[in-house]
Amino acid sequence: QVQLVDSGGGLVQAGDSLRLSCASSRRLFNDYAVAWFRHGPGKDREFVAAISRSGGVMLYADSVKGRFTISRDKDKMTVYLQMNNLQPDDTAMYSCAGVRTILTAQPNRDPSSYNSWGQGTQVTVSS
């Protein structure tokens, strides 16, 4: 397992953008599939997006498709979640999660598949 540090949250207005980062100090992180989950007030934890180890496959929740983009920079050992046109319903604690996979493995939406978690970063969107 690797230690993940997520950051980039904040308080924004509806329509604004934020970019979240999930970083590790270990190059082993580049062998990981990574996902973002969120836990909003009064809601269950929700899958947001995931990216494969290679960076070639991305998955999105229907609620964020077209607004959020997940990407990774292997030189910086960081996965990003670019969030555009944020809405109040996006208000949540966002956490990244990772699991080491084989090169051809597909990322998935199940949080129990991931064994390394960041501490979370709060995103609050006002109307």
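A brief structural summary. Each chain carries its own residue numbering, running from 1 in the direction its sequence is written. The predicted origin of the model limits local features to residues at a pLDDT of at least 70 and limits the giving and counting of side-chain atom pairs to 80 or more, whereas totals for whole chains, interfaces and linings rest on all residues. To obtain the side-chain values, all non-hydrogen atoms of the structure were included, while hydrogens and water were left out.

### What about the pattern of salt bridges?
Working step 1: When a carboxyl oxygen of Asp or Glu is within 4 Å of a side-chain nitrogen of Lys or Arg, the pair counts as a salt bridge. Evaluated as defined, the whole model comprises six salt bridges.
Working step 2: Residue Arg38 pairs with Asp90 through a salt bridge whose shortest N-O separation is 2.9 Å. Remark: Asp90 occurs in the loop between strand E8 (78–83) and strand E9 (92–100) and Arg38 occurs in strand E4 (residues 32–39); sequence separation between them is 52 residues. As far as the burial class goes, Arg38 and Asp90 line up, both buried.
Working step 3: Each of Arg38, Glu46, Arg67 and Asp90 takes part in a single network of salt bridges with overlapping partners. Helix numbers and strand numbers start at the N terminus; a helix is a DSSP run of H or I with at least 4 residues, a strand a run of E with at least 2. Under the scheme applied here, a residue whose accessible area is under 20% of the maximum for its type counts as buried, over 50% as exposed, and between as partly exposed, the area being computed with a 1.4 Å probe on protein chains only.

### Some details on the pairing of strand E11 (residues 121–126)
Working step 1: Alternating residues of E11 divide into Thr121, Val123 and Val125, all buried, and Gln122, Thr124 and Ser126, none buried.
Working step 2: DSSP calls a pair of strands paired once it identifies at least 2 bridges connecting them. In the sheet, strand E2 (residues 10–13) pairs with E11 via four bridges, with the strands oriented parallel. When the bridges of E11 are listed, Gly10 appears paired with Val123.
Working step 3: Relative to E11, E9 is paired through three bridges, and the arrangement is antiparallel. Across the sheet, the residue bridging to Ala92 is Val123, located in E11.

### Details of the side chain of Ser116
Working step 1: Structurally, the position occupied by Ser116 is in strand E10 (residues 116–117).
Working step 2: The exposure class assigned to Ser116 is buried, which follows from its relative accessible area of 2%.
Working step 3: Polar contacts here mean pairs of N or O atoms no more than 3.5 Å apart (in protein, one a potential hydrogen donor and the other a potential acceptor; neighbouring residues in sequence count only if both atoms are side-chain atoms). A distance of 3.5 Å separates the side chain of Ser116 from the side chain of Asn115, its partner in a polar contact.
Working step 4: The contact definition used throughout considers only heavy atoms, calling two residues in contact when any of these lie within 4.5 Å. Not counting chain neighbours up to four residues away, the residues in contact with Ser116 comprise Gln1, Val2, Leu4, Tyr32, Cys96, Ala97 and Gly98.

### Regarding the sheet that holds strand E1 (residues 5–7)
Pairing between sheet strands relies on hydrogen bonds along the backbone, with the strands arranged either parallel or antiparallel.
Working step 1: Spatially, four strands are ordered E1-E3-E8-E7 in an open sheet, and the strand pairing comes out antiparallel. Across the chains shown, the open sheet's two edge strands, defined by having one partner strand only, are E1 and strand E7 (68–73). In this sheet, adjacent strand axes meet at a mean angle of 15° when their direction is disregarded.
Working step 2: Here three bridges tie E1 to strand E3 (residues 18–23), and the two strands are oriented antiparallel to one another. Looking at E3, one finds that Val5 is bridged to Ala23. Lines are fitted to the C-alpha atoms to define the axes, a helix being fitted only along its stretch in contact, and any angle between axes, read from their N-to-C directions, falls within 0 to 180 degrees.

### Observations concerning the state of the cysteines
Working step 1: Disulfides are defined as cysteine sulfur pairs within 2.5 Å. According to the stated counting rule, one finds one disulfide in the structure shown.
Working step 2: The side chain of Cys22 participates in a disulfide bridge whose partner is Cys96; the two sulfur atoms lie 2.2 Å from each other. Across the disulfide from Cys22 to Cys96, rotation about the S-S bond amounts to roughly 70°, and the bridge is consequently right-handed. Here Cys96 lies in strand E9 and Cys22 lies in strand E3, a separation of 74 residues in the sequence.
Working step 3: Taking the relative accessible area as the measure of exposure, Cys96 reaches 0% and is therefore buried.

### A short note on the side chain of Thr101
Working step 1: For Thr101, the location among the structural elements is in the loop between E9 and E10.
Working step 2: Taking the relative accessible area as the measure of exposure, Thr101 reaches 15% and is therefore buried.
Working step 3: Excluding residues within four positions of it along the chain, Thr101 makes contact with Asp31, Ala33 and Arg53.

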